[in-house]
Amino acid sequence: MNLESLIMFGLEKIAQKIEIPPAGVAADLAIPCFTEDPRVVAEKIRALNNPLFQDVVVVGRYVNISFDVVVLASTVINEVTRQKEKYGWNDMGANKTIFLEYSSPNIAKPMHMGHARNNAIGHSLARLYQASGYTVVTANFIGDWGMSLAKILLAYQKWGDEAAFTKDPIRHLLNLYVRVTEEIAKSGELEDEARALFKMLAAGDAELRALWEKFCAVSLTDFKRVYAMLKIDFDIWNGESFYERFIPTIIDEALVKGVATQAKDGPVVVDCNDPKLPPFLLRKSDGASLYGARDLAVAKWRLTEYPQVEKIVYVVGHEQELYLRQIFRTLGKMGYPEEKFIHVPYGVVTLEGKKISTRTGNIVFLEEGLREATKRAKGIKEVGIGAIIYNMLSMGREHDIAFSWGLALSLTGNSAPYIQYAFVRAKAILEKAKTADSRFKMQDSGIHPVAGDSFFLNLESCIVNPSSHEARLLKLIAFYSEAVRQAHALNAPHIVATFLNNFAQEFNRFYDAVPVLAEGESRALRLTLVGASAQVIKNGLWLLGIDVPERM
Ligand code: ARG
């Protein structure tokens, strides 16, 4: 049987969502039908004529499906063996391009543990889109312009210390930022000074420009060190300053199109005429443009440079939800395709219960966090860094999360180390087995069964019980591709994270209950399942941006 596109055995063409039914329901998959008649859906599934579906029955608003486990075993194992690190991928995005903006930290400020969440979500989405067949263009929209930078420049001119800067530039700039914000809170004068200084910078003042460039350079070096630790890279690095030149045109365009208005010498205002979207400014009466104008220019640049994009995705915290809705609506009113712009919001990260704040200086630098994690993970960087990434992804994005070392590094569940440990165990068994069994070989990417002719001969006798540990593990291996599909469809990496946690649990149950290495007719199948499990864990963690360790 040739199942070129395994995904969910053709079911994905019929069902929006495929679920694993709760324990106690005697079925392997359940398809909720709330808008369609389940009997019609059941007929469509039967018409697929897939030998894999032994029973297709309607129960209430669900269609329940039971697998023929023997067919499932040969199908799934063949597929994992053939696809290896691409097992679980699909081609739904073939010939499509997605533009993905994420990270976007600000110059002269450190990336902190809060940015870990943005980086983790963005990186995982990039890989999820890639695994769904898309061409992915990634952009890091660095905050290298504007008043908050002007304040730091001012603070440096006033209180900057060359030696402290050279020793630890970002720490020094952060201290200056904290100090200048405090002083501004006391007196407005400094704010005026910063505004004047920003004007000079924009006008091209050589000395300020050189200082600004110096800050940009040290920040970029700093960011890139962190990105290297996270294995993140971007196609586009244009910061806010790059888009300055397009702002006058976009404001004129908004005025000409009647989307923005300006009273004589007054500010330029956009009113979306929507009670949910308050009016906002593009330019103040003194001529200074605002953040919204820049975002309109950025959006237009993206559409112009990448006319083929299907979606432009913004991974930005949920506190900017209203703002981005205003921007996207304005673009729509100006005649651009509003529906292409997607905000992927996420909740706040607190550190052991305390709010992170650059302004008060209550932060843990991301780089230090990653190093600390590695130290706590006995120096194994895949485990330490993985622990932080997983912790940022394991909850639905919309929830706020409290980062805690205990949970992140837990060895008993819902953590990267727990899942990685299952992988390491699987690998250890196969290493032991391979000396005795030539049907397995090690490859750089892991362990693969060498499927021989006689390999599946006695499959039937050892997997015939559909509730055996073997069968349960096998069904989860099959379901992996559906988890990938759903995570992609909902921009929700936590679906993969949750899947992997359940998978590691099931693998551990199997491993504890079944004498995998024992001689006998089940040995080959069991070892193959171990190999396939290792592959699924490795592939799933990759989708989250997490590497597997060699040893633990
Ligand atoms: N640099 C901004 C910040 O730290 C995030 C940028 C979000 N992206 C955008 N296109 N506005 O808040």
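The structure displayed is predicted, hence computed values, not measured ones. (Residues numbered from 1 in each chain as written. Predicted model: local features only at pLDDT ≥ 70, side-chain atom pairs only at ≥ 80, totals over all residues. Heavy atoms only, no water.)

*Asks:* How would you explain the overall build of the chain if you had to name every residue and give the values?
*Replies:* Within the chain, the secondary structure is distributed over 20 helices and 15 strands. When its C-alpha atoms are laid out on the principal axes, the chain stretches across 85 × 55 × 35 Å. Among the 552 residues that make up the chain, the fraction classed as buried is 56%. Accessible surface computed for the chain: about 24,000 Å², of which carbon and sulfur atoms make up 52%. The chain carries 63 positive and 64 negative side-chain charges, and their two centres are separated by 1 Å. (Helix = DSSP H or I, 4+ residues; strand = E, 2+ residues; numbered from the N terminus. Buried < 20%, exposed > 50% of the residue type's maximum accessible area, 1.4 Å probe, protein only. Areas by Shrake-Rupley, 256 points an atom, 1.4 Å probe, with all protein chains shown as cover. Lys, Arg positive; Asp, Glu negative; His and termini not counted. Charge placed at Lys NZ, Arg CZ, Asp CG, Glu CD.)

*Asks:* So what's going on with the pairing of strand β9 (residues 309-315)? Residues and values would help.
*Replies:* The buried fraction of β9 is high, at 5 of 7 residues. Where strand β4 (residues 97-101) meets β9, 5 bridges bridge the pair, whose relative direction is parallel. Across the sheet, E101 pairs through a bridge with Y314, a residue of β9. Here β9 runs beside strand β10 (residues 341-344); their pairing, made up of 4 bridges, is parallel. When the sheet's bridge partners are listed, Y314 is paired in β10 with H343. (Pairing = 2+ DSSP bridges.)

*Asks:* With reference to specific residues and values, describe the environment of M8.
*Replies:* Tracing the chain through its elements places M8 in the segment before β1 (29-32). Judged by relative accessible area, which is 0%, M8 ranks as buried. As a C-alpha pair, M8 and S481 span 473 residues in sequence and 6.8 Å in three-dimensional space. Discounting chain neighbours no more than four positions away, the residues touching M8 are I18, L29, A478, F479, S481 and E482. (Contact = heavy atoms within 4.5 Å.)

*Asks:* Give a detailed account of the sheet that holds strand β13 (residues 401-403), specifying residues and quantitative values.
*Replies:* Across the sheet, which stays open at both edges, the 3 strands sit in the order β12-β11-β13 with mixed pairing between neighbours. Only two strands of the sheet have a single partner each, and these edge strands are β12 (354-355) and β13. Alignment of strand β11 (residues 349-351) against β12, held across 2 bridges, turns out to be antiparallel. Paired with T350 across the strands is K355, a residue of β12. Each of β11 and β13 touches helix α14 (residues 381-393); the most contacted strand, β13, lies at about 165° to it. (Axes fitted to C-alpha atoms, helices over the stretch in contact; angles between N-to-C directions.)

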